[in-house]
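# Structural description and commentary
Listed here are the chains, written in short residue letters.
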Amino acid sequence: RKRIRTGLGATFSVQPGVQIKRYDALVIPGLGLSTAEEIDRFFAGRSSRAVVDWLETVGRRCPLIGASCSAVFLLAAAGLLVNRSATTTWWLGSVFRDRYPDVELDETRMVVETEGVLCAGAALAQIDLMLHLIARAASPDLSRDVARFLAIDERPSQARYMMLSAIAGLGKDVS
């Protein structure tokens, strides 16, 4: 019976022995990692290895699994993106390519789905991922209606948001 604390300070109780036997879908939100150094520190931690091991097992049984932003690195580390298409946040594209050359990365796309594995770009692409899931599970019409209620425009690409000067500046930190 432990309590865990998130990076944002929220605390949650953990119930030992609770195991989910079947997953219909699993979605991992962004991890808040924005540099290669942060990614290195995250993956050097013991708990991240446990998550990767868990994803290796669960991810192969789960019919639909998705992640956004830096959480896409978890899917790749678990081997769930080998020889598949993916996207991640545009400023970490070169870092991702260096670490996972067996993944076909297109960081210009907002959402990519390959064989039940979904990836979304930068942090707010989580919204695009959820709209994609609504369209997939219910209907494109419902997804469009939800987008209208939320005042979200269709954003199929991250390309218009990319700042080449930021990528060049980040290159010193993330390459």
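Residues numbered from 1 in each chain as written. Predicted model: local features only at pLDDT ≥ 70, side-chain atom pairs only at ≥ 80, totals over all residues. Heavy atoms only, no water.

### Some words on helix α2 (residues 46-61)
With 16 residues, α2 extends 24 Å between its outermost C-alpha atoms, agreeing within 8% with the 22 Å of an ideal straight helix rising 1.5 Å per residue. Along its length, α2 reaches its greatest deviation from straightness, about 30°, at Leu55. When we look at burial in α2, the residues that qualify are Ser48, Val52, Leu55, Val58 and Gly59. Of the surrounding secondary structure, the elements contacted by the buried residues of α2 are β3 (26-28), α1 (36-44), β4 (65-68) and α3 (72-77). (Helix = DSSP H or I, 4+ residues; strand = E, 2+ residues; numbered from the N terminus. Expected span 1.5 Å × (residues − 1). Bend = angle between axes of the 7 residues up to and from the residue. Buried < 20%, exposed > 50% of the residue type's maximum accessible area, 1.4 Å probe, protein only. Contact = heavy atoms within 4.5 Å.)

### Focus: the packing of aromatic side chains
This model, assessed by the stated rule, comprises 6 aromatic pairs. Ring centres of Phe73 and Tyr100 lie 6.1 Å apart, and the angle between their planes is 70°; on these two criteria the pair is classed as edge-to-face. Here the residue Phe73 occupies a position in helix α3, and Tyr100 occupies one in the loop between α4 (93-99) and β6 (104-105), the gap between them amounting to 27 residues. Exposure class is identical for Phe73 and Tyr100. Each is buried. Where Phe96 meets Tyr100, the ring centres are 5.1 Å apart and the plane angle is 50°; that geometry is what we call tilted. Of the two residues, Phe96 and Tyr100, both sit in the buried class. Here a set of aromatic residues connected by ring pairs shows up, and it is made of Phe73, Phe96 and Tyr100. (Phe/Tyr/Trp six-rings, centres within 6.5 Å; stacked < 30°, edge-to-face > 60°.)

These figures come from the coordinates and say nothing about function on their own.
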